[in-house]
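# Coordinates in review
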Number of protein chains: 2
Amino acid sequence: MAEQGDKGKGGKGSEKKDGMVTEITPQSEDFSRWYLDVVRRAELADYTPVKGCMAIRPYGYAIWELIEHALDARFKATGHVNAYFPLFIPEKLLMREAEHVEGFAPQVAWVTRGGDEELDERLAIRPTSEVIIGTMYSKWIKSWRDLPVLINQWANVVRWEKVTRPFLRTTEFLWQEGHTAHETEAEAQEETMRILGIYKEFAETELAMPVIDGEKSESEKFAGASRTYSIEALMGDGRALQAGTSHNLGQNFAKAFEIQFQGRDKAMQHAWTTSWGVSTRLIGGVIMTHGDDSGLILPPRVAPYQVVIIPIPRGNWQETVLPKAKAIQADLAARGVRVMLDDRDAYTPGWKFAEWELRGVPLRLELGPKDIEKAQVMLARRDTREKLAMPLEGLPDGVVRLLDDIQQSLYNRALRFREEHTQRVGSYDEFKAVMDGRPGFVIAGWCGSAGCEAQIKAETQATLRNIPFDSRGSDARSGPADSPESSARSGQGGGVCVKCGRPSVGDAWFAKAY
Amino acid sequence: MAEQGDKGKGGKGSEKKDGMVTEITPQSEDFSRWYLDVVRRAELADYTPVKGCMAIRPYGYAIWELIEHALDARFKATGHVNAYFPLFIPEKLLMREAEHVEGFAPQVAWVTRGGDEELDERLAIRPTSEVIIGTMYSKWIKSWRDLPVLINQWANVVRWEKVTRPFLRTTEFLWQEGHTAHETEAEAQEETMRILGIYKEFAETELAMPVIDGEKSESEKFAGASRTYSIEALMGDGRALQAGTSHNLGQNFAKAFEIQFQGRDKAMQHAWTTSWGVSTRLIGGVIMTHGDDSGLILPPRVAPYQVVIIPIPRGNWQETVLPKAKAIQADLAARGVRVMLDDRDAYTPGWKFAEWELRGVPLRLELGPKDIEKAQVMLARRDTREKLAMPLEGLPDGVVRLLDDIQQSLYNRALRFREEHTQRVGSYDEFKAVMDGRPGFVIAGWCGSAGCEAQIKAETQATLRNIPFDSRGSDARSGPADSPESSARSGQGGGVCVKCGRPSVGDAWFAKAY
Ligand SMILES: [Zn+2]
Ligand SMILES: [Zn+2]
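It should be emphasised that the depicted structure is a prediction, and the values quoted were computed from it without experimental measurement. Per chain, the residues get numbers from 1 upward, laid out in the order the sequence is written. Each chain gets a letter, beginning with A, and each ligand a number, beginning with 1, in the order they are written. Reporting of local features is limited, given that this is a predicted model, to residues whose pLDDT is at least 70; pairs of side-chain atoms are given and counted only at 80 or more, and all residues count toward the totals for whole chains, interfaces and linings. To get the side-chain values, all heavy atoms of the structure are used, and hydrogens and water are removed first.

## Side note on the overall build of chain A
A run of H or I in DSSP becomes a helix once it reaches four residues, and a run of E becomes a strand once it reaches two; helices and strands are each numbered from the N terminus. Broken down by element type, chain A carries 15 helices and 23 strands. Here the globule rule is a power law, 2.2 Å times the number of residues to the power 0.38, and the radius of gyration is based on C-alpha atoms. Computed over C-alpha atoms, the radius of gyration of chain A comes to 25 Å, within 12% of the 24 Å expected from 2.2 N^0.38 for 514 residues, which places it in the range of a compact globule. Along the first, second and third principal axes, the C-alpha set of chain A runs to 80 × 60 × 45 Å. Long-range contacts, defined as pairs at least 24 residues apart, comprise 69% of the intrachain contacts of chain A with a sequence gap of at least 6. Using a 1.4 Å probe, accessible areas were evaluated by the Shrake-Rupley method; residue-level cover was limited to the displayed protein chains. Surface summary for chain A: the accessible area is close to 19,300 Å², and the carbon and sulfur share equals 48%. Note that His is not counted, nor are the chain ends; the positive residues are Lys and Arg, and the negative ones are Asp and Glu. Charged side chains are reduced to one point each, which is NZ for Lys, CZ for Arg, CG for Asp and CD for Glu. For chain A, the distance from the average position of its 65 positive side-chain charges to the average position of its 73 negative side-chain charges is 2 Å. Contacts between residues were defined by any pair of non-hydrogen atoms, one from each residue, lying within 4.5 Å.

## Some thoughts on the coordination of the zinc ion (ligand 1)
Residue and element names in this part refer to chain A. As a rule, N, O and S atoms within 2.8 Å of a metal are its donors, except that Na, K and Ca use 3.2 Å; water is not among the atoms, so sites may look incomplete. Coordination of the zinc ion (ligand 1) by the protein involves Cys447 (SG), Cys452 (SG), Cys497 (SG) and Cys500 (SG), with metal-donor separations of 2.2 to 2.4 Å. The rule is simple: four donors are tetrahedral if all their angles sit between 85 and 135 degrees, four are square planar and six octahedral if opposite donors span more than 155 degrees and the others lie between 65 and 115, and anything that fits none of that is irregular. Taken together, the 4 donor atoms surrounding the zinc ion (ligand 1) define angles of 103 to 116 degrees at the centre, an arrangement classified as tetrahedral. In primary sequence terms, the donor set of the zinc ion (ligand 1) follows C-x4-C-x44-C-x2-C. For the pair cysteine 447 and cysteine 452, a shared accessibility class is recorded, and that class is buried. In this scheme, a residue with accessible area under 20% of its type's maximum is buried, one over 50% is exposed, and one in between is partly exposed, where area comes from a 1.4 Å probe on protein chains only.

## Remarks on the sheet that holds strand S15 (residues 307-311) of chain A
Residues and elements named next belong to chain A. Strand pairing is assigned whenever DSSP identifies at least 2 bridges connecting the two strands. Pairing is mixed in the open sheet, where 5 strands are placed in the order S16-S15-S17-S18-S19. Unpaired on one side and paired on the other, strand S16 (339-341) and strand S19 (387-391) mark the two borders of the sheet. Each strand of the sheet is rotated relative to its neighbour by a mean of 25 degrees, with strand direction disregarded. By the bridge criterion, 3 bridges tie S15 to S16 in an arrangement that is parallel. Residue valine 308 lies in a different strand from S16, and its bridge partner there is methionine 340. Throughout, an axis means a line fitted to C-alpha atoms (over the contacting stretch in the case of helices), and angles, computed between N-to-C directions, take values from 0 to 180 degrees. Contacts from helix H9 (residues 321-334) reach S15, S16, strand S17 (363-367) and strand S18 (376-381), with the element oriented near 165 degrees to S16.

## Examining the coordination of the zinc ion (ligand 2)
All names here are of chain B. Ligation of the zinc ion (ligand 2) by protein atoms is provided by Cys447 (SG), Cys452 (SG), Cys497 (SG) and Cys500 (SG), these donors lying 2.2 to 2.4 Å from the ion. Classification of the site at the zinc ion (ligand 2) as tetrahedral follows from its 4 donor atoms and the range of 103 to 117 degrees in their angles at the metal. Sequence spacing of the donor residues for the zinc ion (ligand 2), all on one chain, is C-x4-C-x44-C-x2-C. A relative accessible area of 3% places cysteine 497 in the buried class.

## Section: the side chain of Glu206(B)
All names here are of chain B. Along the chain, glutamate 206 falls in helix H6 (residues 185-206). A distance of 3.1 Å separates polar atoms of two side chains, one belonging to glutamate 206 and the other to arginine 74. We define a polar contact as two N or O atoms separated by no more than 3.5 Å, with the added condition that, inside protein, one atom must be a possible hydrogen donor and the other a possible acceptor, whereas residues neighbouring each other in sequence contribute only through side-chain atom pairs. Within the structure, glutamate 206 has its side chain in polar contact with the side chain of arginine 301 (distance 3.1 Å). Once you skip the residues sitting within four places of it in the chain, glutamate 206 turns out to touch Ala70, Arg74, Glu201, Pro299, Arg301, Val302 and Gln407.

## Digging into the packing of aromatic side chains
Between rings of Phe, Tyr and Trp, where Trp is taken as its six-membered ring, a pair exists when centres lie within 6.5 Å; planes separated by under 30 degrees are stacked, by over 60 edge-to-face, and by other angles tilted. Applying the stated rule across the entire model yields 35 aromatic pairs over all chains. For the pair Phe75(A) and Trp154(A), a centre-to-centre distance of 6.5 Å together with 40 degrees between the ring planes defines the contact as tilted. You can see Phe75(A) sitting in helix H2 (residues 58-77) and its partner Trp154(A) sitting in strand S7 (residues 149-158), a full 79 residues away along the chain. Trp154(A) carries the same exposure label as Phe75(A), and that label is buried. Residues Phe85(B) and Trp140(B) carry aromatic rings whose centres are separated by 5.8 Å and whose planes lie at 40 degrees to one another, so their mutual orientation is tilted. Taken together, the positions of Phe85(B) in the loop between strand S3 (81-82) and strand S4 (88-90) and Trp140(B) in helix H5 (residues 130-140) put the pair 55 residues apart, joining distant regions of the chain. Here Phe85(B) matches Trp140(B) in class, with each residue buried.

## So, the environment of Pro349(B)
Residues and elements named next belong to chain B. Mapping proline 349 onto the fold places it in helix H10 (residues 349-358). Placed 36 residues apart in sequence, proline 349 and proline 313 show a C-alpha to C-alpha distance of 8.0 Å. If near-sequence neighbours (up to four positions away) are discounted, proline 349 is found in contact with Ile310, Pro311, Ile312 and Pro313.

## Quick notes on the relation of the copies chain B and chain A
Least-squares fitting of one copy onto the other uses the C-alpha atoms of those residues that reach a pLDDT of at least 70 in both copies. For the pair chain B and chain A, the relating rotation is 180 degrees, the translation along its axis is 0.0 Å, and the fit reaches an RMSD of 0.0 Å. In short, the pair behaves as if placed about a two-fold rotation axis. Ranked by how close their C-alpha atoms come to the rotation axis, the residues of chain B are headed by Val111(B), at 2.1 Å. Both copies contact each other with a shared surface, as 98% of the interface residues of chain B are interface residues in chain A too.

## Things to note about the nonpolar core
We call a set of buried residues a nonpolar core when its members are Ala, Val, Leu, Ile, Met, Phe, Trp, Tyr or Cys and they connect through side-chain atoms within 4.5 Å of each other. Ranked by internal contacts, the top residues of the largest apolar core, which has 88 residues, are Phe88(A), Ile125(A), Phe88(B) and Ile125(B). Contact partners of Phe88(B), with chain neighbours within four places excluded, come to Val50(A), Cys53(A), Ala109(A), Ile125(A), Val158(A), Trp160(A), Val111(B), Leu123(B), Ala124(B), Ile125(B) and Ile132(B).

## Topic: H10(B)
All names here are of chain B. Across the 10 residues of H10, 10 count as buried, placing the element largely inside the fold. Taken residue by residue, H10 has Pro349, Gly350, Trp351, Lys352, Phe353, Ala354, Glu355, Trp356, Glu357 and Leu358 as its buried positions. Tucked into the core, H10 has its buried residues touching helix H1 (31-41), strand S15 (307-311), strand S16 (339-341) and strand S17 (363-367). Looking one or two places after H10, you find glycine 360, whose phi comes out positive at around 80 degrees.

## Describing the environment of Pro49(B)
Along the chain, the position of Pro49(B) falls in the loop between strand S1 (45-47) and strand S2 (54-56). Through-space distance from the C-alpha of Pro49(B) to that of Gln461(B) is 33 Å; in sequence the pair is 412 residues apart. Excluding residues that lie within four positions of it along the chain, Pro49(B) makes contacts with Pro90(A), Leu93(A), Ile132(A), Thr135(A) and Met136(A).

## Regarding the interface of chain B and chain A
Listed per partner, the contact involves 58 residues of chain B and 57 residues of chain A. Using a 1.4 Å probe, buried area is obtained as the accessible area two parts lose upon being combined, added over both of them. Interface of chain B and chain A: buried area, both sides summed, is about 4,700 Å²; carbon and sulfur atoms make up 62% of it. Definition used for salt bridges: Asp or Glu carboxyl oxygen within 4 Å of a side-chain nitrogen of Lys or Arg. Where chain B meets chain A, there are 4 salt bridges. The shortest N-O distance in the salt bridge between Glu65(A) and Lys76(B) comes to 2.9 Å.

## Remarks on the pairing of strand S23 (residues 506-511) of chain B
Residue and element names in this part refer to chain B. Along S23, 6 of the 6 residues are buried, which leaves the element largely enclosed by surrounding structure. Where strand S21 (residues 441-446) meets S23, 5 bridges bridge the pair, whose relative direction is antiparallel. Within S23, the residue paired with tryptophan 446 across the bridge is glycine 506. Here strand S22 (residues 463-468) pairs with S23 via 3 bridges, running antiparallel.

## Regarding the pattern of salt bridges
Residues and elements named next belong to chain B. Counted according to the given criterion, the structure contains 69 salt bridges over all chains. Across the salt bridge formed by arginine 113 and glutamate 118, the nearest N and O atoms sit 2.5 Å from each other. Salt bridges sharing partners connect three or more residues here, namely Glu43, Arg57, Asp342, Arg344, Lys352, Glu355 and Arg359.

## A look at the domain arrangement of chain A
Boundaries between domains were set according to an automatic or database domain assignment. Domains assigned within chain A are domain 1 (31-290), domain 2 (305-404) and domain 3 (422-511). Computed from C-alpha coordinates alone, the two centres of domain 1 of chain A and domain 3 of chain A are separated by 26 Å.

## A word on helix H14 (residues 450-460) of chain A
In an α-helix, one turn spans 3.6 residues, which is why side chains three or four residues apart end up on the same side. Residue and element names in this part refer to chain A. The set of residues buried in H14 consists of Cys452, Glu453, Ile456 and Thr460. The arc that holds every buried residue of H14, seen down its axis, measures 100 degrees, which confines them to one face. The secondary structure elements touched by the buried residues of H14 are helix H13 (428-436), strand S21 (441-446), strand S22 (463-468) and strand S23 (506-511). The directions from the helix axis to the C-beta atoms form the arc being described.

## Re the pairing of S17(B)
Residue and element names in this part refer to chain B. Most of S17 sits out of view: 5 of its 5 residues are buried. Because side chains alternate across S17, one face comprises the buried residues Leu363, Leu365 and Leu367, and the other comprises Arg364 and Glu366, equally buried. Where S15 meets S17, 5 bridges bridge the pair, whose relative direction is parallel. Counted as the bridge partner of isoleucine 310 is glutamate 366 from S17. Here 4 bridges tie S17 to strand S18 (residues 376-381), and the two strands are oriented antiparallel to one another. The partner of leucine 363 across the bridge, within S18, is arginine 381.

## With respect to the sheet that holds strand S14 (residues 272-279) of chain A
All names here are of chain A. In space, the 11 strands of this open sheet follow the order S3-S7-S8-S14-S11-S10-S9-S22-S23-S21-S20, with mixed pairing throughout. Edge strands, defined here as strands with exactly one partner in the open sheet, are strand S3 (81-82) and strand S20 (422-424). Pairing analysis gives 8 bridges linking strand S10 (residues 227-234) to strand S11 (residues 240-248), with the strands arranged antiparallel. Note that in S11 the partner of glutamate 232 across the bridge is glutamine 242. Contacts between helix H5 (residues 130-140) and the sheet are confined to S7, strand S8 (172-182) and S14, with S8 contributing the most and set at about 30 degrees to the helix.

## Concerning the confidence of the model for chain A
Residue and element names in this part refer to chain A. A residue's pLDDT is the confidence the predictor assigns to it, expressed on a 0 to 100 scale. Scored by pLDDT, chain A has a mean of 91; 91% of the residues are at 70 or more. For the stretch residues 1-20, pLDDT sits under 50, and the model shows 44 contacts to residues farther than four places along the chain or on other chains. The low-confidence segment residues 480-493 (pLDDT under 50) makes 29 contacts with residues lying over four places distant or belonging to another chain.

In structure tokens form, the structure reads like this:
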């Protein structure tokens, strides 16, 4: 932020004006504090009088809208449709799938009173919607002709949390939850993997956030699922973030909620179902993947403003610079660029530079009388802080190219960071030494036992994030018919468990995680 | 539906196949039953095990998505941004604005337990968000420079209802709620009217639903508002539907929630706020404005499928007709038409005709071997049931023109219906006679007193829907500084109250309403 010091008054980023631009705790000093500072000072979200619930402010919500549109288009292109199901789940219904209720009951908020009446049966506020959607599917699905059912819901859910952090873990959050029903086990598995693939491609293309896709261990899987898959990202402090999950629910929910259909052979059978979701947590992932000590850095594809134009107020700038700035704004907008012209005259250019830097706008465009003389503008990249002049002639195309380059550079940088913070270890001593030292992913063989996994967690705080497909047999993506343990027993992957030395099911990725 | 009788097997609309196309109660027999039949059989929504809550099925939700996109674009074009606020409102906060809590408390669902703990303070599930948003605005607004704040939220809300009906009145529903804060009273009034104007234009353009815009009486206004304005539509059974409301909240909420700012004169003052909303109730409005005894009729602009292509399976149709049908589908889609090709071979054309008619698709495109020989398609309009041949050459443009015509025709038809069901009366005897006879709007002078309004309601079941602007003084849209009573006292509008004979504030529109 110092490099703009010569332009603003003050210009150290600590300049205060209406409390907007204030100092942000450096990442190296306290990453967690840095995160909270960025969230609040970039006006992404704010605390509310409701414990554990945040307000998503317009700038943060605009990021969510871009995420929503990008994902929704991918879901629709693969045959999914949206619908909406009730917020409430009657207690008895929630109790039907044993593992599911065991997993979620401790986190449920209960409605016990409606208007003037005490309710006969408590209503859970959905922590997730398998139960209520499964109940409806049992009404709607009668024949194999009704399958597959491919429904997604954009909704709020509530999970009572003791410790919360904006975007990463809040009592209420926004998400999408897909719920599909299929005729065969193979189709359900295919769907589970299709969605995981969409999540990975989406995270890497739109969020510039590289992720590892793989299968969760038995102890980390979704309550009630047969198999859970996840994408896992690495944050700037070396902690992992589970960024999306896709569950093959087998026939568990179909049996609990009687989702039955008449098959091609006329026999009644239970459907095979899946569910999958990503949430506003992704915004936390974007912040912690790309941000720096000056604040947020947004990948252009999810930046509410990709370019901010800041006119330099010299001389009669309102007659000279401003009209030109407006023309540039119109040209960029016509080219599909999301552009903001900050023509407020109550603020200095230096203050604006710092503010939009803090808010992570990928590209700043400065325009002053001298630039107009030279028929150019000055551009400053948020990611590299490089400044360059660009001729007005052909500006929109140049800006679009630059935005593409920023998007790609952010991805490359994050990937390099992950590679530098991922280490394969051969022994448990080495595992512990690496985990003690600097954070990041550790790759190690694992035997598939929950015991080894739990001991590793207790001794190192590292959890098993997932087992990537390429470390297992070539048929890993098609899904084993049984539980992960069965592939554990088969010793796929070749190596040995870093903890107990038994044959490993494949290379597992471990990390301390959010 | 009989006109397709010669094509389908059975073809009376009562043909059953997987329970999809079954008879719908005729409107004339029981409009309310007809409505429920259409909602369920067109798969717009379904009952759930949660009392008073519906599931919005994909076909119904697709209509909501079109409504959402059309409105959201209008809000953004007028400078509004979206955000998201908590679902929960702590009880003490809800209690702060006296009129507001009096209006909403009887309808609130209460969370009293989270996870394993009994809550110290109950949490209301938002019935509307003035309270929680007002609380945040008091943090965010410090100076006149922070104004206006123009925020909208797309969200679910809960109002505990005793009697519910899908879309029209449900315990949980989806809506948008705008909440704005302004520096001056005049700006707040201008915003209130701007939004009312957007609602009217949106309802008439997109939903083909003519509406009357005007001011609500004191007894019908939003709890806590200074003034409430509404748009009112007339349903096919002659009952009115309040389709959207826009409230000028004065400084009431700003005072209750301490939304204060330093003005240009450096003095602290309270902001002027507004709120406004429309909900999934609009879908009920569309159904009851346009539908007929064969089911739904959707205006093209909010139809999930504007055209359904039904190939006629003669001879080797899969090699001849189907490829051509797919080509037409692609051409129409490229032209921006939402088109569905129903190539399921488990169903007959006759069954498909009835099904898509029931689902209200504006235009059916039939294509058989003979049509291909003649290089044409057969088109059937859902609104007029006219059938016409159209050449393949230039088909997309022809279809777009036809869809525009259907949109306009539906609007014209609904407007004609309203005009035929609106009557001005000069005496209270005449008022009662008309209300006893056939339903619809009755226009009559009103003195502005709640007493006359209540008596009229008790004796005729008709409620005062609103007082349109054009029946009042020319400055009606700018909003009186005081309550409606003040304009009542001034005797604007010229006439006399239909009930008591005192000078009238203007012509009020009365109707039995949903
Ligand atoms: Zn082991
Ligand atoms: Zn009167």
